[in-house]
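Each chain is listed here by its residues.
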Amino acid sequence: MSAPAAASRAEARRGPFPWDLLGVVVLAIIAAFTPDLLRFVFDRASVSYLSIASNALSLAILALSWDMLARTGNLSLAHAAFYGAGAYTTALLVKHADVPLWLGIPLGGVVAVAFALLLGSFTLRLRGIYFAIATLAFAEVLKSVVHHAPTDFAGGNAGMNVPALFRPVFIAGEMERWEVAYMRNEAYFYVYAGLLVATVLASILLQRSRLRHAMTAMRTNEEVAGVMGVRATRVKLLAFTLSSAFVGMLGAVEAHRVGSVLPEQSFSVATTVLALVTPIFGGLYTTLGPIVGAFGLSSVQELLRRTFADGYLIGYGVVLVLTILFMPRGVVGTLGTFFRRRRKGAQR
Amino acid sequence: MSVVLTAKGLSKRFGGLAAVDDVSFEVEQGEIFAIIGPNGAGKTTTLNLVSGLLVPTAGSVTLHGRDLTTLTAAERCHAGLGRAFQVVQPFPEMTVRENVLVGAMFGTPGISRADAERRADHALEVTGTTNLAERDAEELTLMEEKRLEIARALATAPTVLLLDEVMAGLRPAEARDAVRLVRSVRDEGVTVVFIEHVMPVVRDLADRVLVMDYGKVLTEGRYADVTKDQRVIEAYLGRDDDAPPTDVAAAAAPAGASGDAAEDEA
Amino acid sequence: MDLNLLAQALVSGILAAGLYALVSVGLALAIGVIGIVNFAHGEFFMIGAFLAYQLFVSFGIDPVWSLLLVAPALGLIGALIYTSTIRFVLKAPELNQMLLTFGIGIILTNMALLIWGGDPRTIAGIAYRSIGYQVGGVSIGLVPLASFVISFTLVLGLYWMLARTPIGRAMRAVAQNRTGAALVGLEVNRVYLVAFALSAALAGIGGVMIAVIQSPTPGVGLAFTLKAFAIVVVAGLGNIRGVLFASLFVAISESLVATLVPNGDTLRNAVFFAIIFAVLVWRSRRVA
Amino acid sequence: MLHIARRLIVLVAALALGVTTAQGVTIGVLSPLTGGSAGTGLAQRAGFELALQEINAAGGVLGEPLRIIVEDTQANPAVGLAAFEKLMTEDDVEFIAGGFSSGVTLALIESFRTFQPIVMWIGGAVSGIGIDGFDGIEELIGEEEWFFHVHPWDYHNVEAATAFVADTGVQTVTLLHEDSAFGGPGSAGAQALLEDAGLTVPLREAFTSTLLGGTGDFRAAIAKAAATNADMLYWIGYDSDVVPLTSQIRELNYRPQHIFGAPPGWPSEFAAAPEAQCVTGLIGFMPNLPTPEAQAFTRAYVDLHGAEPDNYMAALAYANLWAYADAINAAGTTDQAAVIAELQTGTFRSPIGDWSFQPSIIAKHQGFTTDLWLVFQYQNGVREIVWPLEKATAPLVSCR
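Residues numbered from 1 in each chain as written. Chains lettered and ligands numbered in written order. Predicted model: local features only at pLDDT ≥ 70, side-chain atom pairs only at ≥ 80, totals over all residues. Heavy atoms only, no water.

## Comments concerning the overall build of chain A
Here is the rule: For helices the rule is a DSSP run of H or I covering at least 4 residues; for strands it is a run of E covering at least 2, with both sets numbered from the N terminus onward. Relative accessibility under 20% of the residue-type maximum defines a buried residue, over 50% an exposed one, and the middle range a partly exposed one, all with a 1.4 Å probe and only protein chains included. Between two residues, a contact is recorded if the distance between any of their heavy atoms is within 4.5 Å. His residues and chain termini do not enter the charge count, which takes Lys and Arg as positive and Asp and Glu as negative. We put the charge of a Lys on NZ, of an Arg on CZ, of an Asp on CG and of a Glu on CD.
Counting its regular elements, chain A contains 16 helices and two strands. Projected onto its principal axes, the C-alpha positions of chain A cover 75 × 50 × 45 Å. For chain A, the residues scored as buried account for 59% of the 348 residues in total. Taking contacts inside chain A between residues at least 6 apart in sequence as the whole, the part at least 24 apart equals 78%. With 30 positive and 18 negative side-chain charges, chain A shows a spacing of 16 Å between the two charge centroids.

See the structure below:
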């Protein structure tokens with residue numbers, strides 16, 4: 001037996017060092033201190049930076065959860081449907097049932113999963129662009145159904161109000177007004193960060209389990225994976241479940257943060273498009289890629305809009321085009337290949 | 001000897017075209033069983049029907065007395081049916097060992113990780129690919145790919161292994177290696193069903209031969225006997241050079257032109 | 001039910017299929033021949049619409065004639081985009097192609113916003129937009145009729161080109177087997193360039209039509225693009241005749257529901273996408 | 001690596017702190033400058049820019065040049081929220097102007113309430129009054145001392161439109177409306193008011209606007225409207241629906257006495273289109289309004305931007321910024337209570353004429369109500385004002 005194989009066996013017995021789990025811990029610690037750190041450095045401007053950071057976290061959750069389904073080779077264009085399902089679930093619960101405010105978020109995830117399983121079981125045999133268009137069609141139909149549901153039930157074309165999750169009280173004389181906004185943004189930031197950590201954990205568990213191999217095999221060739229014994233149906237439905245659960249919860253949280261649900265807003269095609277653009281930009285089929293993509297794209301957009309009064313989105317488009325031309329495997333994928341090559345080169 | 005695999009009255013129609021028509025055969029324990037026939041005879045379609053990649057229009061498949069006809073490909077794999085493809089398709093993002101590990105981990109439900117690793121390493125050894133284990137699957141030569149393809153199928157712990165034209169594209173020396181490889185697989189106790197075009201290989205390997213033409217069974221028997229059969233000679237001589245060697249895949253293609261096959265290309 | 005309304009619904013539906021086929025056929029070419037999922041196709045409509053508008057405003061050129069200018073202009077833009085970007089991602093995964101073309105779409109949209117602003121523009125001063133011929137209580141609009149005729153002529157012409165001309169045969173060969181086509185001496189890259197330029201030119205013609213029937217805005221292409229994608233996929237990739245049948249089927253269904261159901265116009269997209277979903281799912285189960 | 005990181009920190013810090021060194025009054029503007037609502041947002045910005053130029057030419061605010069910082073909301077609630085908080089905490093503005101889209105406005109309310117700057121808001125016309133189980137903008141923040149609304153509420157729009165309809169003497173009105181938070185409640189309110197006024201509404205039918213995913217084929221809805229043969233077709237939609245609607249009405253040979261529309265704006269070149277003939281429309285400002293203010297505004301606007309204002313949003317934005325400048329100058333300080341007092345009591349300039357804030361049903365400070373609205377009619381390529389009669393430049397003509 002050759003040396004590397006023996007080494008890898010030994011490593012398998014002990015288990016390799018869990019860099020990924022360490023990464024989550026580091027991420028969680030960074031997230032825990034981010035609000036305080038921002039406040040320490042930027043004072044009241046931290047309110048604004050926390051909002052921008054929350055938007056980036058939201059994009060990261062959207063992107064990473066999309067990627068978990070994409071790993072099976074299924075390119076979903078239905079993420080707006082799961083997002084909207086979560087948003088409307090919490091809005092409907094608040095309006096019609098006197099449930100605690102927080103319950104809407106997990107239930108938003110549950111309802112999104114229900115729709116995902118429904119969609120998943122219908123589209124099991126569809127591949128590639130056929131699957132993509134079927135999922136897009138599903139999302140458009142669901143948007144229309146919500147829009148045309150009885151007005152006193154789901155608000156119809158006017159939508160519904162959704163109460164805020166956090167309402168810190170201003171106490172005159174003891175604090176400044178911006179501190180109230182800071183407290184609210186800090187609280188939302190932690191909710192988003194918690195949701196992202198949960199999504200990252202799910203993604204890492206997937207990557208560490210044998211499902212990762214099943215998904216890679218399915219992505220390469222579902223027939224071959226089938227004769228290797230991979231139960232594609234189960235894996236696909238599991239991926240649909242994980243993927244939609246986090247988007248559903250994200251939609252619910254966001255509905256509370258922005259105070260309303262509307263068919264056009266909650267089921268926007270833009271959500272779907274961002275869900276796939278971000279991981280491609282950052283690097284597909286990894287845990288790190290979609291996160292890097294989300295923070296990269298958010299920063300690019302924010303810097304551009306602060307620099308140019310008009311046409312800043314042209315710059316954003318140029319960044320996307322240049323990235324795919326010069327970093328075809330996304331930021332993380334290309335950097336990873338680069339470093340691996342260098343390491344190999346050093347060994348030789 | 002006992003019968004392990006039975007195909008009974010297998011038929012597959014694509015639209016009006018009968019790609020496979022009432023094909024029946026039995027394979028016995030420990031046998032090496034060849035399916036031959038001219039291009040477009042329906043050999044690969046038959047293999048696809050047996051391994052569950054296609055649903056038959058009529059007929060049944062039985063393994064160890066268990067009816068597999070309604071099972072998916074994955075469930076047939078779990079029941080003990082292995083399959084290697086003609087066009088070798090390693091998972092390019094994995095190492096050779098990881099490729100084989102996929103077969104080992106998913107071929108037997110509930111297998112522990114450690115057992116799967118052992119089984120994968122054993123499959124690598126049997127196929128002589130241990131030294132390639134840590135290579136990226138993208139960087140292999142054709143012969144190495146063929147070995148990997150068989151190793152991967154072997155790792156699913158099959159009792160019957162279906163091989164689709166493993167020799168295609170190999171140089172003579174490599175083909176001899178491949179023959180040895182198939183023998184060593186049989187020596188592991190695995191029954192082998194294979195499709196082959198290269199007649200010397202069939203002669204060297206096959207215990208029994210099934211000859212197909214136009215989707216039907218022409219004859220069945222020992223190599224020496226069937227090659228003397230006038231109908232077999234006509235079938236081969238009649239249409240020898242009118243199609244490229246990839247005809248079998250092509251034969252299945254028109255069927256999917258309006259549906260599945262086109263989707264796979266997308 | 002008022003029979004007149006029903007007849008009108010049928011006529012409107014059949015004529016609307018012309019526009020659907022027109023916006024879909026260029027995309028079918030891009031996906032079918034080059035195998036590229038072009039997310040910027042809707043922006044090609046938009047640019048075509050604005051060019052028709054600008055030609056009208058600056059030179060008083062009627063859209064009927066600007067068809068002859070906008071189509072080659074878009075073909076040129078398509079060729080430029082192909083040469084500068086698309087050809088580098090031909091072998092890349094389709095997701096890469098999507099990100100690239102999405103980026104191109106963002107650039108084009110926001111350039112249009114800078115040049116023409118966000119307000120809807122109008123090609124004023126054309127009389128034929130409002131003309132309808134009354135035939136037994138049913139109105140046949142001149143513009144829908146013309147776009148139906150133009151569209152079906154173009155689609156049939158394209159079909160003929162693919163079947164009969166050398167470049168068409170080359171496109172089919174490349175579409176079926178890229179390597180094989182290269183082996184028999186076809187310059188694959190040139191064929192792709194022509195196909196992509198042609199796809200953009202067809203989008204330009206669709207854009208001129210859109211500019212006539214509605215107001216060019218930077219976002220005018222989106223609704224058509226989503227539907228065009230769906231039609232192309234349901235028709236079967238690269239199936240030009242399928243585009244015609246699919247367009248007819250969805251357009252007539254939409255028109256009937258919009259007419260027969262109260263507030264039915266708001267159900268158009270639901271009807272359209274429900275049909276698309278049902279057809280895709282049903283077909284995938286039938287084949288298996 | 002390290003020096004790059006350090007440079008980045010310095011850059012970000014400069015971005016964050018740099019603006020605080022500027023002197024004088026700064027007003028933060030939130031508008032959608034990209035995406036589907038960009039037309040409205042860019043029109044607002046053009047109006048703000050004109051007012052800013054005039055204000056600074058006239059000596060600025062409190063003796064210093066006035067500054068505005070315009071932030072793009074992309075008509076996206078989460079983006080709008082971050083943009084507002086940037087204005088409040090990075091740019092330290094005390095006054096907010098601009099606004100568009102109910103979704104964005106609803107998202108901002110919680111944060112408005114936290115910071116309580118003076119908000120003089122053009123957008124968010126959905127009052128919520130008359131919609132059961134839905135709280136609109138007026139219901140949610142109308143009562144706040146610091147909230148000033150510079151656009152009629154939805155019921156004002158409907159009141160003006162139905163008053164015009166009643167004045168035309170038509171008996172039956174068919175309503176076509178786009179199906180979002182704008183046209184849905186608006187058309188329901190219009191139907192109720194029209195029926196109260198004794199008119200018959202045989203049909204109220206929804207369509208999908210080209211702005212919200214429609215492909216502009218309105219023939220099914222129009223054919224149904226034609227079948228009612230009502231005297232008037234009254235539609236509520238967006239500006240990009242104008243061309244397909246008006247042309248298809250004629251194509252389908254529907255000839256009502258009046259085709260009356262209430263979109264937020266009208267495509268500027270539409271006047272020259274043949275299908276425009278005799279079409280009537282509700283609008284907040286007309287460049288040819290025969291008043292000195294309107295003429296001066298239009299002239300100055302053309303000087304600055306090279307074209308006439310397409311959209312009455314420019315006029316409202318202009319009024320919005322001048323009100324701030326006049327009120328702060330009158331107060332002599334940026335102290336919030338003093339400025340609010342001046343805004344409450346003052347009379348301000350606008351292209352539409354002098355205006356002031358009055359209470360509306362719930363809101364304490366409502367600028368512009370029913371009487372903002374004009375009805376114009378396209379007559380031989382010109383937009384003539386036909387209603388109200390005291391501002392009319394030409395009499396209303398029937399399409400038949």
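## Here we look at the overall build of chain D
Using the following cut-off: In this setup the radius of gyration rests on C-alpha atoms only. A globule is expected at 2.2 Å times the number of residues raised to 0.38. The method behind every accessible area is Shrake-Rupley, applied with a 1.4 Å probe, and residues are considered shielded solely by the protein chains displayed.
A count of helical and extended segments in chain D gives twelve helices and 14 strands. Here the C-alpha radius of gyration of chain D, 22 Å, is about what a compact globule of 400 residues would show, namely 21 Å. Considered along the principal axes of its C-alpha atoms, chain D spans approximately 70 × 50 × 40 Å. When the 400 residues of chain D are sorted by exposure, 64% land in the buried category. A separation of at least 24 residues holds for 71% of the contacts in chain D among residues at least 6 apart in sequence. Accessible surface computed for chain D: about 13,000 Å², of which carbon and sulfur atoms make up 53%. Charge-centre separation for chain D: the mean point of 17 positive side chains lies 7 Å from the mean point of 44 negative side chains.

## Notes on the packing of aromatic side chains
Residues and elements named next belong to chain D. Here is the rule: Whether two aromatic rings pair depends on their centres lying within 6.5 Å, for rings of Phe, Tyr and Trp, where Trp uses its six-membered ring; planes under 30 degrees apart make the pair stacked, over 60 edge-to-face, and the rest tilted.
A full pass over the atoms with the stated rule returns 42 aromatic pairs over all chains. On the basis of an interplanar angle of 65 degrees and a centroid distance of 5.9 Å, the ring pair of W266 and Y378 is categorised as edge-to-face. In this pair, W266 sits in the loop between strand 9 (258-261) and strand 10 (280-283) while Y378 sits in strand 13 (residues 374-379), placing the two residues 112 residues apart along the sequence. Relative accessible area serves as the criterion here: at 3%, W266 is assigned to the buried category. On the accessibility criterion, Y378 (1% relative accessible area) is buried. When the ring of W355 is compared with that of F368, the centres are 4.6 Å apart and the planes differ by 25 degrees; the resulting orientation is stacked. Taken together, the positions of W355 in the loop between helix 12 (336-345) and strand 11 (357-358) and F368 in the loop between strand 12 (366-367) and strand 13 put the pair 13 residues apart, joining distant regions of the chain.

## Regarding the arrangement of the chains
No other pair of the five pairs of chains in contact has as many contacts as chains C and D. Contact between chain B and chain D is absent, and the least distance between their C-alpha atoms amounts to 27 Å.

## Structural notes on a nonpolar patch on the surface
Stated precisely, the cut-off is as follows: By definition, no residue in a patch forms a salt bridge, and every one has over 30% relative accessible area; like charges are joined within 9 Å, nonpolar side chains (Val, Leu, Ile, Met, Phe, Trp, Tyr) within 5 Å. Criterion for a salt bridge: a side-chain nitrogen of Lys or Arg within 4 Å of a carboxyl oxygen of Asp or Glu.
A surface patch of nonpolar side chains, about 550 Å² in accessible area, is lined by A:F17, A:W19, A:L22, A:V26 and A:I30. As for its placement among the helices and strands, A:V26 is situated in helix 2 (residues 19-42).

## Observations regarding the sheet that holds strand 5 (residues 66-67) of chain B
All names here are of chain B. Using the following cut-off: When DSSP finds two or more bridges between two strands, those strands count as paired.
As summarised here, the arrangement of the four strands in space is 2-1-4-5, forming an open sheet in which the pairing is antiparallel. Lying at the two open borders of the sheet, with one neighbouring strand each, are strand 2 (17-28) and strand 5. Inspection of the sheet shows strand 1 (residues 3-14) paired to strand 2 by eight bridges, in the antiparallel sense. Its bridge partner lying in strand 2, V3 is registered against E28.

## What to know about the interface of chain D and chain C
For the record, the criterion: Defined in terms of a 1.4 Å probe, buried area is the accessible area two parts forfeit on being brought together, summed over both. Here a polar contact means two N or O atoms within 3.5 Å. Within protein one must be a hydrogen donor candidate and the other an acceptor candidate, and residues neighboring in sequence count only if both atoms are side-chain atoms. Charged means Asp, Glu, Lys or Arg here, nonpolar means Ala, Val, Leu, Ile, Met, Phe, Trp, Tyr, Cys or Pro, and polar covers whatever is left, Gly included.
Across the boundary between the two partners, chain D contributes 41 residues, which contact 43 residues of chain C. When the area that chain D buries against chain C is broken down by residue, the three leading residues are D:T215, D:E251 and D:E269, summing to 21%. For C:R121, the salt bridge goes to D:E269, with nearest N and O atoms at 3.6 Å. The tally of links between chain D and chain C comes to 17 residue pairs in polar contact (both at pLDDT 80 or more). Residue assignment for the side of chain D that touches chain C shows that the elements contributing at least two residues are helix 2 (38-57), strand 7 (200-207), helix 8 (219-228) and helix 9 (242-251) of chain D. Among the elements that line the side of chain D that touches chain C, the one with the most residues is helix 9 of chain D, at five residues. Partitioned by chemical class, the residues of the side of chain D that touches chain C number 16 nonpolar, 13 polar and twelve charged.

## Focus on helix 6 (residues 172-187) of chain B
Residue and element names in this part refer to chain B. What counts, and what does not: In this scheme, a helix's expected span is set at 1.5 Å multiplied by one less than its residue total. Working note: the arc is built from the helix axis to C-beta atom directions.
Look at helix 6: 23 Å from first C-alpha to last across 16 residues, which is about the 22 Å you get at 1.5 Å a residue. For helix 6, the set of buried residues is E174, A175, A178, V179, L181, V182 and V185. Considered in projection along helix 6, the buried side chains sweep an arc of 160 degrees and stay on one side of the axis. The exposed residues of helix 6 that point more than 90 degrees off its buried face are P172, R176, R180 and D187. In the core, the buried residues of helix 6 are packed alongside strand 3 (32-36), helix 4 (113-126), helix 5 (142-155), strand 7 (160-164), strand 8 (191-195) and helix 7 (199-205).

## What about the pairing of strand 4 (residues 118-121) of chain D?
Residue and element names in this part refer to chain D. Note the cut-off: By convention, a crossover is right-handed whenever its connection, traced from the first strand over the helix to the second and viewed with the strands pointing away, goes clockwise.
Both faces of strand 4 are covered, namely the face carrying I118 and M120 and the face carrying V119 and W121. Handedness of the crossover is the feature at issue here: the chain leaves strand 3 (residues 95-98), passes through helix 4 (residues 102-115), returns alongside strand 4, and the resulting connection is right-handed. Strand direction decides the pairing type here: strand 4 and strand 5 (residues 147-149), joined by three bridges, are parallel. The residue bridging M120 from the neighbouring strand is F148, located in strand 5.

## Some thoughts on the environment of A:E302
Note on placement: A:E302 falls in helix 14 (residues 288-307). A C-alpha to C-alpha distance of 17 Å links A:E302 and A:F42, two positions 260 residues apart in sequence.

## Remarks on the packing of helix 3 (residues 46-70) of chain A against helix 3 (residues 77-89) of chain D
Describing two packed helices takes the angle between their axes plus the distance from one axis to the other. Just so we agree on the cut-off: Axis lines are fitted through C-alpha atoms, for helices just across the contact stretch, and the angle between N-to-C directions can take any value from 0 to 180 degrees. Roughly parallel here means an angle under 35 degrees, roughly antiparallel means over 145, roughly perpendicular means 65 to 115, and every remaining angle is called oblique. Helix crossings get a hand from a simple test, with the near helix turned counterclockwise from the far one by less than a right angle marking a left-handed crossing and a clockwise turn marking a right-handed one.
Relative orientation of the contacting elements helix 3 of chain A and helix 3 of chain D amounts to 160 degrees, with a least axis distance of 8 Å. Judged by the inter-axis angle, helix 3 of chain A sits roughly antiparallel to helix 3 of chain D. Crossing of helix 3 of chain A against helix 3 of chain D: the hand is left-handed. Here helix 3 of chain A contributes A:V47, A:S48, A:S51, A:I52 and A:N55 to the contact with helix 3 of chain D, which in turn contributes D:A78, D:V79, D:A82, D:E85, D:K86 and D:T89.

## So, empty space enclosed by the protein
Note the cut-off: Using only the protein atoms, space was sampled on a 1 Å grid; points where a 1.4 Å probe fits but cannot get out form cavities, open sets with protein on both sides within 12 Å along at least five of seven lines form pockets, and lining residues are those with an atom within 4 Å of a point. Grid points are joined across faces, edges and corners, and a volume is the space filled by probe spheres set on the points.
Counted by the stated rule, this structure contains ten cavities of 30 Å³ or more. Roughly 230 Å³ of volume is contained in the second largest cavity. What lines the second largest cavity is a set of 19 residues, among which C:A16, C:L19, C:I213, D:D217 and D:R219 lie closest to the centre. When contributions to the lining of the second largest cavity are tallied by element, the ones reaching two or more residues are helix 1 (3-34), helix 5 (142-164), helix 8 (188-213) and helix 10 (240-260) of chain C. Considering every element that reaches the lining of the second largest cavity, the biggest residue donor is helix 1 of chain C, with five residues. By residue class, the composition of the lining of the second largest cavity is ten nonpolar, five polar and four charged.

## Topic: the pairing of strand 7 of chain B
Residues and elements named next belong to chain B. With respect to burial, strand 7 is a largely interior element, five of its five residues being buried. Judged by which residues are buried, strand 7 turns out to be covered on both faces: V160, L162 and D164 on one side and L161 and L163 on the other are all buried. One ladder, built from four bridges, connects strand 6 (residues 81-84) with strand 7; its direction is parallel. Residue pairing in the sheet places A84 in a bridge with L163 of strand 7. With five bridges joining them, strand 7 and strand 8 adopt parallel strand pairing. Bridge pairing in strand 8 places L161 opposite V192. In the classification by handedness, the crossover that spans strand 7, the intervening helix 6 and the parallel strand 8 is right-handed.

## What to know about the interface of chain B and chain A
In this complex, chain B contributes 39 residues to the contact, which on the side of chain A involves 33 residues. Carbon and sulfur atoms make up 61% of the surface buried where chain B meets chain A, a total of about 2,900 Å² over both sides. In this assembly, chain B and chain A are joined by one salt bridge. Note that B:E93 and A:R219 form a salt bridge whose closest N and O atoms lie 2.4 Å from each other. At the junction of chain B and chain A, the tally comes to eight residue pairs in polar contact (both at pLDDT 80 or more). Taken together, the elements giving at least two residues each to the side of chain B that touches chain A come down to helix 2 (73-79), helix 3 (96-107), helix 4, helix 5 and helix 11 (260-265) of chain B. The leading source of residues in the side of chain B that touches chain A is helix 3 of chain B, at seven residues.

## What to know about the sheet that holds strand 7 of chain D
Residue and element names in this part refer to chain D. Strand order in the open sheet made by the seven strands is 7-6-8-9-10-13-14, with mixed pairing throughout. Pairing within the sheet leaves two strands with one partner each, and these edge strands are strand 7 and strand 14 (382-387). The average undirected angle you get between the axes of adjacent strands in this sheet is 25 degrees. Strand direction decides the pairing type here: strand 10 and strand 13, joined by four bridges, are antiparallel. Across the sheet, residue G281 finds its bridge partner in strand 13, namely F376. Across the sheet, helix 6 (residues 154-168) lies against strand 6 (172-178), strand 8 (232-236), strand 9, strand 10, strand 13 and strand 14, angled at about 170 degrees from strand 8, the strand it touches most. Where helix 9 meets the sheet, its contacts fall on strand 6, strand 7, strand 8 and strand 9, and the angle it forms with strand 8 comes to roughly 160 degrees.

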